[in-house]
Amino acid sequence: MALVEPAAQLVEAGMIQEDEIRDISASGAVGEILGHFIDKKGYQVTTPLTSRTVAVSLGPNHRERIVAIAGGPGKIEAIRAVLKGGILHGLITDELTAEALLTEEQSSAGMALAERSSDDS
């Protein structure tokens, strides 16, 4: 799992160019998993690379059980996006990353509850 930025592993390995990753980022992608780019809501982003990517399908009928290993403060946005997409069956991460993911999730849930309560008033 990786971020969509010029220092991404796909760029560093020479698999794609910096201008390509910038275009992918501009199209809304925040993370990459198994060659697929994901937006912040967890949806796959179709890019010019999509047609030339050979990877496990992440479509709604994919049967593979995917477990990711990812962590660190720089990957939280990408991890969150992949989790929202329901792509993973498991995540192995460090404690600080897990706490950051849970803290924001609880914060978001609390804000949504508060908004619903104020709408009922």
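Residues numbered from 1 in each chain as written. Predicted model: local features only at pLDDT ≥ 70, side-chain atom pairs only at ≥ 80, totals over all residues. Heavy atoms only, no water.

Chemist: Where do I start with the overall build of the protein in this structure?
Modeler: Broken down by element type, the protein carries four helices and six strands. In the protein, the order of α-helices and β-strands from amino to carboxyl end is β-α-α-β-β-β-β-α-β-α. Counting across all 121 residues of the protein, residues that qualify as buried make up 33%. In the protein, the share of contacts with a sequence separation of at least 24, taken over all contacts with a separation of at least 6, comes to 45%. Accessible area of the protein: about 7,900 Å², with a carbon and sulfur share of 52%. (Helix = DSSP H or I, 4+ residues; strand = E, 2+ residues; numbered from the N terminus. Buried < 20%, exposed > 50% of the residue type's maximum accessible area, 1.4 Å probe, protein only. Contact = heavy atoms within 4.5 Å. Areas by Shrake-Rupley, 256 points an atom, 1.4 Å probe, with all protein chains shown as cover.)

Chemist: Looking at this model, I keep getting lost on the pairing of strand 3 (residues 36–39). Mind explaining?
Modeler: The two faces of the sheet receive side chains in turn, since in a regular strand these alternate between them. Residues H36 and I38 point to one face of strand 3 and F37 and D39 to the other, with burial holding for every one of them. Strand direction decides the pairing type here: strand 2 (residues 29–33) and strand 3, joined by four bridges, are antiparallel. Following the sheet pairing, E32 is matched in strand 3 by F37. Linking two consecutive strands that pair antiparallel, namely strand 2 and strand 3, is a turn of two residues; a positive phi of about 50° is found at L34 within it. Across two bridges, the pairing between strand 3 and strand 4 (residues 44–45) is antiparallel. Bridge pairing links I38 to Q44 in strand 4. Taken together, strand 3 and the strand that follows it, strand 4, pair antiparallel across an intervening segment of four residues, in which G42 is found at a positive phi of about 95°. (Pairing = 2+ DSSP bridges.)

Chemist: Just to check I follow, could you spell out the sheet that holds strand 2 for this structure?
Modeler: Hydrogen bonds between backbone groups are what pair the strands of a sheet, and the pairing can be parallel or antiparallel. Taken together, the four strands give an open sheet; going across it, the order is 1-2-3-4, and neighbouring strands pair in antiparallel fashion. In this open sheet, the two edge strands, each paired with only one partner strand, are strand 1 (2–3) and strand 4. Against the sheet, helix 3 (residues 76–84) engages strand 1, strand 2 and strand 3, with an angle of about 75° to strand 2. (Axes fitted to C-alpha atoms, helices over the stretch in contact; angles between N-to-C directions.)

Chemist: It is not clear to me how the pattern of salt bridges should be interpreted in this structure. Could you clarify?
Modeler: For side chains bearing opposite charge, pairing can occur when the charged atoms are close. Scanning the entire structure with this criterion turns up two salt bridges. The shortest N-O distance in the salt bridge between E18 and R22 comes to 2.8 Å. Of this pair, E18 and R22 are both found in helix 2 (residues 18–26), four residues apart, which corresponds to roughly one turn of the helix. E18 gets classed as partly exposed once you look at its relative accessible area, which sits at 39%. Given a relative accessible area of 46%, R22 falls into the partly exposed group. (Salt bridge = Lys/Arg side-chain N within 4 Å of Asp/Glu carboxyl O.)

Chemist: Explanation requested: helix 3 in the structure shown.
Modeler: In an α-helix, one turn spans 3.6 residues; hence positions three or four apart end up facing the same way. Listing the buried residues of helix 3 in full gives I76, A78, I79, R80, A81 and V82. Positive phi shows up at G86, right after helix 3, with a value of about 65°.

Chemist: Would you mind going over a nonpolar patch on the surface with me for this structure?
Modeler: Judged by side-chain polarity, V67, I69 and I92 come together as a nonpolar surface patch covering roughly 320 Å² of accessible area. Inspection of the secondary structure puts V67 in strand 5 (residues 67–69). (Patch = residues over 30% accessible without salt bridge, like charges linked within 9 Å, V, L, I, M, F, W, Y side chains within 5 Å.)

Chemist: Explain the environment of D39 here, please?
Modeler: Within the element layout of this structure, D39 appears in strand 3. Leaving out residues up to four positions away in the same chain, D39 has contacts with G28, A29, V30, V45 and A81. Polar contacts involving the side chain of D39 include one to the main-chain amide nitrogen of K41, which spans 3.0 Å. (Polar contact = N/O pair within 3.5 Å; in protein donor to acceptor, adjacent residues only side chain to side chain.)

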